[in-house]
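Inside the fold
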Amino acid sequence: MKIGLVTDSLANMSLDDLLAFCAEQGIECVEFSIGNWSDSPHLDAAALLDSEAARKDLKARLAHHGVTISAFNANGNSLHPTDGERQHRVVEQAIALSRHFEVPRVNLMSGLPGGGPDDRFPNWVTAAWPPETAQMLDYQWNEVALPYWRKLADHARGEGIHELCLEMHGNQLVYNLPGFLRLHGEIGDIVGLNFDPSHLLWMGADPIEVVQRYARHIYHVHAKDTALNPAAVGLTSRLDNQPMGDFRDRGWSYVTLGYGQKLEWWKDFCYWLQAGGYQDGVLSIEHEDINLSRREGVVRSVELLRACMPSEKPDYELPNAS
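The paragraphs below set out a description of the structure included in this document. (Residues numbered from 1 in each chain as written. Predicted model: local features only at pLDDT ≥ 70, side-chain atom pairs only at ≥ 80, totals over all residues. Heavy atoms only, no water.)

1. What about the environment of aspartate 118?
Residue placement: aspartate 118 occurs in the loop between β4 (105-108) and α5 (132-158). In sequence terms aspartate 118 and leucine 43 are 75 residues apart; their C-alpha atoms lie 36 Å from each other. (Helix = DSSP H or I, 4+ residues; strand = E, 2+ residues; numbered from the N terminus.)

This is how it looks when you write it as structure tokens:
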């Protein structure tokens, strides 16, 4: 496996400083965030698409530091009732950049529509009651999401991109395995996971169980951790909408690797990824810990991954059955 980095993790660094830091830390791959929920601090996607010289310059900088691109990230909500078209254009930019840089994948979200055609804001349905939730889900899936994803998949294939990797994320239509399997079943193998365990952890799912059973659907991985605050969860549940800065009072918070799930958990996580065939894949560090500096958080995350991730392919040969 390879260690990668979501570039927004070091948004305070210039591009050249970020790439030099990656080389220093042995980080082999970067995942460039290019818009939507990101301010895109390191790349101007439109300028790159307009200028072959700019693309050559970026390729040269990457080569100088021995760093490659694992993905272009367009995380946002392209199914937003009023802002979806603008956010979709960022997804199209990510697909075009992936073609220019010969990167086989784009990382994105499933999107989340409103609950009906007249809504102005997305509506996240998390329960089967009251009865109108079924009507809302029918509209979201059949009227909005599936038509959009069919067109998106056709467009990506036409551009030579064969991996659309989405995160199972709260406040998105696809936030758990049943939702992902439904979308995958409708659209096909072009839809895979940008597997981020941190979101499943705060929602109460088991990331290792997912890896053990569905590793074939994992096309890219975010290395990101969540710490649960049991005393707060006892009061708030895991559905906690307090500000992220209220670290002491929240039921959960994103933290540096190892500060939520301990080293042994991450060993299991990496081991089962390898067992599931994710042997050449990237573990892309995403730092969102408000209590450690960005640099320290990434350095400590690299140290943890070095201690637990397989660095070679397995070569054991099973003996022939007698």
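Okay, back to it.
2. Regarding the packing of aromatic side chains
In total, this model carries 11 aromatic pairs according to the counting rule given. Judged by centre distance (6.3 Å) and plane angle (25 degrees), the ring pair of phenylalanine 32 and phenylalanine 72 falls under stacked. Here phenylalanine 32, found in strand β2 (residues 29-33), pairs with phenylalanine 72, found in strand β3 (residues 68-73); they are 40 residues apart in sequence, far enough to count as distant. Exposure remark for phenylalanine 32: the relative accessible area of 0% places this residue in the buried category. Plain terms: the ring middles of tryptophan 266 and phenylalanine 269 are 5.4 Å apart, the flat faces sit at 80 degrees to each other, and that makes the pair edge-to-face. Of this pair, tryptophan 266 and phenylalanine 269 are both found in helix α10 (residues 263-275), three residues apart, which corresponds to roughly one turn of the helix. Grouping residues by exposure puts tryptophan 266 and phenylalanine 269 together as buried. Three or more aromatic residues link up through ring pairs in this structure, and these residues are Phe195, Trp265, Trp266 and Phe269. The ring of tyrosine 254 carries the charged tip of lysine 224 above its face, separated from the ring centre by 3.6 Å. Just above the ring of tryptophan 252 sits the side chain of arginine 250; from NZ or CZ to the centre is 4.4 Å. (Phe/Tyr/Trp six-rings, centres within 6.5 Å; stacked < 30°, edge-to-face > 60°. Buried < 20%, exposed > 50% of the residue type's maximum accessible area, 1.4 Å probe, protein only. Lys NZ or Arg CZ within 6 Å of the ring centre and 35° of its normal.)

3. Details of the sheet that holds strand β10 (residues 282-285)
Spatially, the eight strands close up into a barrel ordered β1-β2-β3-β4-β5-β6-β7-β10, and their pairing is parallel. Averaged over all pairs of adjacent strands, the angle between their axes in this sheet comes to 30 degrees, without regard to strand direction. Here strand β1 (residues 2-6) pairs with β2 via three bridges, running parallel. Across the sheet, residue leucine 5 finds its bridge partner in β2, namely valine 30. Those strands touched by α5 are β4, β5 (163-166) and β6 (191-195), and its axis lies near 135 degrees from that of β5. (Pairing = 2+ DSSP bridges. Axes fitted to C-alpha atoms, helices over the stretch in contact; angles between N-to-C directions. Contact = heavy atoms within 4.5 Å.)

Don't take any of this as a statement about function, it's just geometry.
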